[in-house]
Amino acid sequence: MKCKLKILFFLIISFVNITAQNAENKSTVEKYLPGLNRIFKLHGIIKEIHPALEHVYPVAIAEEGQFYIFEPAANNTYRFVKQTAITLPVPKGIKAAYPLQENDNKMTCVVTGEVFDSMDGYAIIFHEFVHCAEFATIEMKLKENLEIYKLAMEQKDWMWELNYKFPYSGKEFTESYSYLFSAMDGNDLDAVKEARKKLKQHLSKEEYSYMTWVEWKEGFARWVENKVRSKFRINENHAGRTEPFNRTTFYEAGSQLIELIFKSNPEIIPDLEKLYAFIQQ
């Protein structure tokens, strides 16, 4: 009899714990759905900026070691797909887009919950959606001809885009890149071409390839992000502009370079493959 009571007690406690966990999960999902669904409303305002904003994409929200994964539904809402444990560490405040293992390697916008607290957060979500669009269209085709990418894959360096040891503090680079910023500020296309020529001379072929890749990939996303920010009537993002230079410097320079291309050769902008070719020349 005592044994049966213990088993019954254990089953009741297990049921209570599972019920409480399910209620907590439901509460978390319901907490984020309004913010997620607002993406569709804002998308209607900004989707005409560029074809890369034609679609919205899956979103994974990281919270307390768990991913809460949502997919776009047919009725302009997000639907909760699943909750799953986070496999690799995710930093607080992450805003990124990558093929997410926990979402069947689908390209997914990965964020933490505070992203929905401001319009700045939504602007960055659309920045990450641009990366989803790049991946869905032309990115892998471009990488097939990118020697730095092929070498990184041979070495199983999956994080090469983030960790490449670029000489950001090198004297020749900082001088040439500072001159490039000045030339772009003055809309001086001849000076821009001269600065790019000097950079190509000072950098190795691999370094120049890395620089132009990030200028295209992240610079384009930053350019679109700032167009979105203009629609939202919030401050533009110009992080990376000042020394000491780092990877985000290429975001800013790429964005400014694309803006110059937009003014002088607007027909190039919708075609991301042509845009990359123009930047890397």
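Notes on the structure in this doc start here. (Residues numbered from 1 in each chain as written. Predicted model: local features only at pLDDT ≥ 70, side-chain atom pairs only at ≥ 80, totals over all residues. Heavy atoms only, no water.)

Before going further, it helps to spend a moment on the overall build of the chain. Check the secondary structure of the chain and you find 10 helices and 5 strands. In terms of its C-alpha atoms, the chain occupies a principal-axis envelope of roughly 90 × 45 × 30 Å. Scored against the burial criterion, the 281 residues of the chain give a buried share of 46%. For the chain, contacts bridging at least 24 residues in sequence account for 60% of all contacts bridging at least 6. As displayed, the chain has an accessible area near 15200 Å², and 55% of this comes from carbon and sulfur atoms. Averaging the positions of the 35 positive and the 38 negative side-chain charges in the chain gives two centres separated by 6 Å. (Helix = DSSP H or I, 4+ residues; strand = E, 2+ residues; numbered from the N terminus. Buried < 20%, exposed > 50% of the residue type's maximum accessible area, 1.4 Å probe, protein only. Contact = heavy atoms within 4.5 Å. Areas by Shrake-Rupley, 256 points an atom, 1.4 Å probe, with all protein chains shown as cover. Lys, Arg positive; Asp, Glu negative; His and termini not counted. Charge placed at Lys NZ, Arg CZ, Asp CG, Glu CD.)

With that out of the way, let us pick up the nonpolar core. With 77 residues, the main nonpolar core has Ile39, Phe129, Phe173, Tyr177 and Leu275 as its most contacted residues. With 12 residues, the top contributor of residues to this core is helix α8 (residues 205-232). Among residues more than four places away in sequence, those in contact with Tyr177 are Leu199, Met211, Glu215, Phe245, Thr249, Phe250 and Ala253. Counting residues in hydrophobic clusters, the runner-up holds 9 residues, among them Ala62, Ile94, Ala96 and Val110. (Core = buried A, V, L, I, M, F, W, Y, C linked by side-chain atoms within 4.5 Å.)

On to the pattern of salt bridges, then. When the charged atoms of two side chains with opposite charge come close together, those side chains can pair. One pass over the full model with this rule turns up 17 salt bridges. Lys143 is the partner of Glu161 in a salt bridge, and the nearest nitrogen-oxygen pair spans 3.5 Å. In this pair, Glu161 is assigned in helix α5 (residues 160-163) and Lys143 in helix α3 (residues 139-143), connecting sequence segments 18 residues apart. Taking relative accessible area as the criterion, Glu161 reaches 14% and is therefore assigned buried. Residue Glu161 pairs with Lys217 through a salt bridge whose shortest N-O separation is 3.1 Å. One end of the pair, Glu161, is in helix α5; the other, Lys217, is in helix α8, and 56 residues separate them in sequence. (Salt bridge = Lys/Arg side-chain N within 4 Å of Asp/Glu carboxyl O.)

With that settled, the discussion passes to a nonpolar patch on the surface. A cluster of nonpolar side chains, Trp158, Met159 and Leu162, forms an exposed patch at the surface whose accessible area comes to about 360 Å². Its place among the elements puts Met159 in the loop between α4 (147-154) and α5. (Patch = residues over 30% accessible without salt bridge, like charges linked within 9 Å, V, L, I, M, F, W, Y side chains within 5 Å.)

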